[in-house]
Amino acid sequence: MNENKKEPAFEENLARLEEIVRLLERGEAPLAESLSLFEEGTKLAAACQGALQSAEQLVVKLQKGPGGEPIEHPFGGEA
């Protein structure tokens, strides 16, 4: 992978996914283009879902300590 190329942010992926949905809902694209858009959309949806799951795990980790009490753990570190 190219080190200078970073993964798009969640917000960028979501914006592109919304754009694809609008294009597909119009139903004006040729079949081949629609299939290509659908494929791109499913990949973006999976990337967004993964980002949301990671964020959810981080929130849970920040909220709940070993005894159930609220506790904050440092970012990027396993507690």
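Summarised in this report is the structure supplied together with it. Since we're looking at a predicted model, the values are computed, not measured.

## Looking at the overall build of the protein
In terms of regular secondary structure, the protein is built from 2 helices and 0 strands. For the protein, the proportion of contacts with a sequence separation of at least 24, taken over those separated by at least 6, is 33%. Looking at the protein as shown, the accessible area adds up to about 6500 Å², and 56% of this sits on carbon and sulfur atoms.

## Some thoughts on helix α1 (residues 10-26)
With 17 residues, α1 extends 25 Å from end C-alpha to end C-alpha; this agrees with the ideal 24 Å at 1.5 Å per step. Taken from the residues just after α1, G27 is the one with a positive phi, measuring 70 degrees.

## Notes on the pattern of salt bridges
By the definition in use, this model includes 3 salt bridges. Measuring nitrogen to oxygen at the nearest pair gives 3.2 Å for the salt bridge that ties R16 to E19. Taken together, the positions of R16 and E19, both in helix α1 and 3 residues apart, correspond to about one turn of that helix. With a relative accessible area of 24%, R16 lands in the partly exposed category. Residue E19 is classed as partly exposed on the basis of its relative accessible area, which comes to 36%. Between R16 and E40 there is a salt bridge, with its nearest N and O atoms 2.8 Å apart.

What counts as what
- Residues numbered from 1 in each chain as written.
- Predicted model: local features only at pLDDT ≥ 70, side-chain atom pairs only at ≥ 80, totals over all residues.
- Heavy atoms only, no water.
- Helix = DSSP H or I, 4+ residues; strand = E, 2+ residues; numbered from the N terminus.
- Contact = heavy atoms within 4.5 Å.
- Areas by Shrake-Rupley, 256 points an atom, 1.4 Å probe, with all protein chains shown as cover.
- Expected span 1.5 Å × (residues − 1).
- Salt bridge = Lys/Arg side-chain N within 4 Å of Asp/Glu carboxyl O.
- Buried < 20%, exposed > 50% of the residue type's maximum accessible area, 1.4 Å probe, protein only.

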